[in-house]
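Structural overview for review
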Number of protein chains: 2
Amino acid sequence: MTEQTKKYKVVFMPDGIETIVAEGTNLLDAAIAAEVHINAGCGGTGACGTCSVLIKTGLVDSPKTTSISNSDYQNGLRQACKSRVMSDVVVEIPASSRLETAVLKKEIQNSHNDDLLCSGWHFSPPIEKRLLEISPPSLQDNTNDMARLLRHMDDSQTHPEIKADLHFAKKLAATARHDNWRVTATLLKFDEHTRIINIESGDMRTTNYALVFDIGTTAVRGQLLDLSQGQAIAQATEYNKQISFGADVIARITQCGRPGGLEKLQKAVVDTLNTLIEQMLASSKVARSGINHIVVTANTVMVHLLLALDPQFLRTSPYVPTLSSTPLVKAYTLGIEVEEHVRLYCVPSVASYIGGDIVSGIVGSGIHQRQPLTLYIDIGTNGEIVFGNSEWLMTAAASAGPTFEGGGIQCGMLATNGAIEDIHLENDKTEPVLKVIGGDPPLGICGSGIINLAASLLKHGLITQAGRFNMENGHHRLRIGENGAEYVLAFDAQSGNGKDIVFSEIDMLNLIRSKAALYAGYHTLVSSVDKKMTDIEQVVISGTFGNHLNIENAIAIGLLPDLPRHKFSFIGNGALLGARLIAFSNDVRNQSSIVASMMTSLELSENADFMSSYTAAMFLPHTEAALFPSVKIGNLP
Amino acid sequence: MTEQTKKYKVVFMPDGIETIVAEGTNLLDAAIAAEVHINAGCGGTGACGTCSVLIKTGLVDSPKTTSISNSDYQNGLRQACKSRVMSDVVVEIPASSRLETAVLKKEIQNSHNDDLLCSGWHFSPPIEKRLLEISPPSLQDNTNDMARLLRHMDDSQTHPEIKADLHFAKKLAATARHDNWRVTATLLKFDEHTRIINIESGDMRTTNYALVFDIGTTAVRGQLLDLSQGQAIAQATEYNKQISFGADVIARITQCGRPGGLEKLQKAVVDTLNTLIEQMLASSKVARSGINHIVVTANTVMVHLLLALDPQFLRTSPYVPTLSSTPLVKAYTLGIEVEEHVRLYCVPSVASYIGGDIVSGIVGSGIHQRQPLTLYIDIGTNGEIVFGNSEWLMTAAASAGPTFEGGGIQCGMLATNGAIEDIHLENDKTEPVLKVIGGDPPLGICGSGIINLAASLLKHGLITQAGRFNMENGHHRLRIGENGAEYVLAFDAQSGNGKDIVFSEIDMLNLIRSKAALYAGYHTLVSSVDKKMTDIEQVVISGTFGNHLNIENAIAIGLLPDLPRHKFSFIGNGALLGARLIAFSNDVRNQSSIVASMMTSLELSENADFMSSYTAAMFLPHTEAALFPSVKIGNLP
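For clarity, every value in this text was computed on a predicted model and none was experimentally measured.

Criteria and thresholds
- Residues numbered from 1 in each chain as written.
- Chains lettered and ligands numbered in written order.
- Predicted model: local features only at pLDDT ≥ 70, side-chain atom pairs only at ≥ 80, totals over all residues.
- Heavy atoms only, no water.
- Domains from an automatic or database assignment.
- Buried area = accessible area lost by both parts, 1.4 Å probe.
- Salt bridge = Lys/Arg side-chain N within 4 Å of Asp/Glu carboxyl O.
- Helix = DSSP H or I, 4+ residues; strand = E, 2+ residues; numbered from the N terminus.
- Nonpolar A, V, L, I, M, F, W, Y, C, P; charged D, E, K, R; others polar.
- Least-squares fit on C-alpha atoms with pLDDT ≥ 70 in both.
- Contact = heavy atoms within 4.5 Å.
- Phe/Tyr/Trp six-rings, centres within 6.5 Å; stacked < 30°, edge-to-face > 60°.
- Buried < 20%, exposed > 50% of the residue type's maximum accessible area, 1.4 Å probe, protein only.
- Lys NZ or Arg CZ within 6 Å of the ring centre and 35° of its normal.
- Axes fitted to C-alpha atoms, helices over the stretch in contact; angles between N-to-C directions.
- Parallel < 35°, antiparallel > 145°, perpendicular 65-115°, else oblique.
- Polar contact = N/O pair within 3.5 Å; in protein donor to acceptor, adjacent residues only side chain to side chain.

1. Brief notes about the domain arrangement of chain A
Residue and element names in this part refer to chain A. With domains assigned, chain A is organised as domain 1 (7-93), domain 2 (127-201), domain 3 (209-346) and domain 4 (370-574 + 591-637). On a C-alpha basis, the centres of domain 2 and domain 3 stand 31 Å from each other. The contact between domain 2 and domain 3 buries some 930 Å² in all, and 61% of this surface belongs to carbon and sulfur atoms. If you sort the residues of domain 2 by the area they bury against domain 3, Ile127, His167 and Phe190 come out on top, with a joint share of 49%. The interface formed by domain 2 and domain 3 contains one salt bridge. Note that Asp165 is salt-bridged to Arg343, the shortest N-O span being 2.6 Å. Taken together, the elements giving at least two residues each to the side of domain 2 that touches domain 3 come down to β8 (127-133), α5 (166-178), β10 (182-190) and β11 (193-201). Looking at the side of domain 2 that touches domain 3 residue by residue, the classes come out as four nonpolar, three polar and four charged.

2. Here's the deal with the relation of the copies chain A and chain B
Note that the two copies of the chain are related through a rotation about an axis and a translation along the same axis. Aligned on chain B, chain A shows an RMSD of 0.1 Å; the corresponding rotation is 180° and the shift along the axis is 0.0 Å. On the angle and the small slide along the axis, the relation comes out as a two-fold axis. Taking C-alpha positions as reference, the residue of chain A nearest the rotation axis is Thr333 of chain A, located at 5.4 Å. Looking at the interface residues of chain A, 100% of them are also at the interface in chain B, so both copies use one shared face.

3. Here we look at the packing of aromatic side chains
Two numbers describe a pair of aromatic rings. These are the distance of the centres and the angle of the planes. Per the counting criterion, the structure on display carries 14 aromatic pairs over all chains. Ring centres of Phe387 of chain A and Trp392 of chain A lie 5.7 Å apart, and the angle between their planes is 80°; this geometry places the pair in the edge-to-face category. Looking at Trp392 of chain A, the relative accessible area reads 26%, which means it is partly exposed. Taking the ring centre of Trp181 of chain A as reference, the NZ or CZ of Arg148 of chain A above it sits at 5.8 Å. In this structure, Arg589 of chain B is placed above the aromatic ring of Tyr345 of chain B, and the distance from its NZ or CZ to the ring centre is 5.5 Å.

4. Concerning the packing of helix α6 (residues 249-256) of chain A against helix α7 (residues 261-284) of chain A
Residues and elements named next belong to chain A. The contact between α6 and α7 brings their axes to 7 Å, and the two run at 130°. The angle between α6 and α7 falls in the class oblique. In this structure, α6 uses Arg252, Gln255 and Cys256 to contact α7, whose residues at the interface are Gly261, Leu262 and Leu265. By residue class, the composition of the contact of α6 with α7 is three nonpolar, two polar and one charged.

5. Thoughts on the interface of chain A and chain B
Taken together, the contact between chain A and chain B spans 36 residues of the former and 36 residues of the latter. For the pair chain A and chain B, the summed buried surface comes to about 2900 Å²; carbon and sulfur atoms form 66% of the total. The interface formed by chain A and chain B contains zero salt bridges. Taken together, the connections running from chain A to chain B amount to 10 residue pairs in polar contact (both at pLDDT 80 or more). Among the elements that take part in the side of chain A that touches chain B, α5 of chain A stands out by supplying seven residues, more than any other. A breakdown of the residues in the side of chain A that touches chain B according to their chemical character gives 21 nonpolar, eight polar and seven charged.

Below is the structure:
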């Protein structure tokens, strides 16, 4: 703080970001303060060597370390965490040391496809932790604590206006004095505003976590992200506890019309989130106090229910949400069990039935950035579909029902441990070979299992194209059960719960309705812009089906269009992918607002083309066989 | 909303404020939207005629009304509330129609002194209510409710960024549809930011109230302000319920060191505020939902306790507050019983013992705007003093104790109904003539009564200059009571509570300590800038003593300096005056920040001059008689 300290300019290349620092400043700290994110895997202790940078011009005081070879050292490579700035310097950050690169690598591993990831962003999470070593007050300088802190921050970096929470102020006096004014401040950076939301004693920079949630009508999926490393470190999935109030959004909205209904539904989803948080904290051994931010991606109805916004006008014409961009909300005010400083951000939505989940799916997969005409299908309860490219994006929702998430199916379940995710039938006489998530005896069947089962039964003639069971086949696994005709996937002795695991004709008809709604949805959407199915250059499929979706089988039952197979990509949970990137980068968050405003929504519920297309698709794969030329149907009776 | 509507420019003189409005817009609405405040006493119904304006150029459609004479009408005078804009117009608002004028008139009545009021501000309350008539959604335009509202507001007036509360969003859908999108929005204007904090159905513009509180260590004083009229419509005073935890701020801070102590003290002051709110709502018949804002002026310790900020570092060297400028706080989060949208603003403080109350006192009385060297004395428990003018302001706090608010005095009480506020003694044998607030039998004695009693007893030789009772006089009202020597102000038969009302020698010694602390305080402060008492050009006294303070008696006991009497002004509760103006005008609020940063604080508790000056002042009026040449002491023994 002495005025005699020399100041030097540090320029970080290739982005040319400049900052002024005091002589002797640690180069990694300088980079963090300038919001240049260097990959410091070990937290700046010098152990890992991933923060190596190239000193282009100028002088740093930096020892040769074992992580750097002699020749690299001679060429100017240094560990940023071990370097002190001793003159004006220009620093080149190699691609290998950029935190973006580390994040990208992991995301590409996750998505199996490096072409399907949003590009053009920097690692810039909305939460930044900054270590401050502040000169303590004296009788000569007894400025109040808040002003002292802001004055210090202004010294190290220029911020036009930093605001502070009252919650922060309450902790300030005691925390600052605990380690003689050596503190870590937690900053929330949102739009142009910076707000100090928390303070901790000592250096707590590496304890910086965020939660992302994909709140679906049927299931809620969460991930715990380490913001200091740019990676997910835990995940969990649970049924949305709102299911007790109805399987689909219409039933939930109706429930809200009853006294106390909205409050009950809000509590149900918050309870679900709290359960997931509990699970992820337990599996990762992260303390609850380390959570600093929450990103939620969800359909419009789920956002309304989470925030306790009256949803009744969403379901009646002219289908108007209360809002599409939500203000940041303090998560604890909703009942979410995190510290008071944690804000919750909802990805913006487009319309009553086009939610933030579809926006984050598009943003995450980068479809809005590329030229090819892409069909994006979210195979979930609400069946959202997007068609378009970097120039325009059309979107619609074709309520598919919960079938693909194992809902409304007698032995259906989420794609979690115990779920049959794949089935192999050699022929119409054979015993099924089951693939169960986790490898234990089966408890039920999930979405991908249902698709594969239906395709196999159809292929081997055990069901008709109308979805009726071919009882004449006499297969010992075909029988009449309590709910009519059914196929036994696993008898009680083989199952994990001592009960037969079956798939009934009623389940099959539910599946046909679900796939017909989705097919009719994208067929109508493509037609609405005067395109044909064959104009589609790329099909991106999002959904949560265990490890993967069998595209061939999905086409065989008419869920996906019969196009050349190389056009298909499955990206797993696209909504959660987008939400994760939004938590890692304010750049991606900004893109999500742009994407939301780019999207034009088509209302299917009053669309005549959709209704006739839906009826025509109530067959396996379709009433019009010419639409599925590659699908061969087995030995039908 | 149709794009064909013609737009016209309206210029309001003398300030030259311009706005663009649609053809046919009501001129009063145009003025409100442009933040030009015209005095519309009747709420824009046309009844009162106070909104008359002069049309300098251009055309308005406006009938002749009975409030406007024929010649005035011919000269271009029109009632703004009855006028519709039909071309570009230039409008002159006469001084008589400016709301500032109305506010100023009332404030001058209150303060008895038009020279002692902050000048150079416009009526611009932080809360603005705006009537919006929005086109309802349709299938062709089913933009979400929030965007629809913001789009409409953007049409009527340019705001760079309006943010909305979640609380507001929760009410939006139902409220907007209640009267087909005719709504009143409540806007909070703070710094450069505008936030929509509430929405009501229909035209609720005239229901706009604010609360101001002066939270003193001993007493809390509140006023309920009508922001649509610029006037206080109710007031109430209560002892600060924190008194149960100690009479002075040191005792209260000590209490906070115990487990749960801070929470108890916070609850105590919030309970006091809630009691006052209850009383003011009852007496004014205003609904609780009409309250939109709260301004608090208080000493630094009281602000810390209200916001539950740990006060322990305020009382130990180097005396550091957590903050001086507090963020806006949602009042209900503190337990204050108002609607969720109401924010609480605390006037900024200067140092640990120089609070927002003294800042608002200076701002309200305008001392920072004028040249004369002024001594400002707040005669309260903490005894804050300011010395300076428009160029510089020195300040100090001389802990006077609660004597002047009736605290620590056997029969002391606040200046409320039943308090003896004045006493007349003809000579040393006579019976006292009492003046009681409210005119009922007395219940106790308040600050002004105590000063007048002491001066009278001194003048007539019933006490010595050391404050000892002259028992040899043999007056039948002088006696030895339970606490030693005492003077009976009222015997049980005459009192309002059936008990003798007495003033004891112990009370007198408390008074001497209190007045000595204040005298020593301002004497030290004046000396610290190398000035003499005779350099003081003006003395402004703030305090709450019923209707007035007897300056002559206050000098007689050495509470005020012996200066020419024309230099003295008593402004009543200066802190509350300033808080009221801050609630009426963002201009005044901005000034309060400037004043807080102008003030230099002198710490008296470790000052040797103060200690010797205090000892010298422990006499009536002073040990050094030459300092009080005009004071004649009576027939002392």
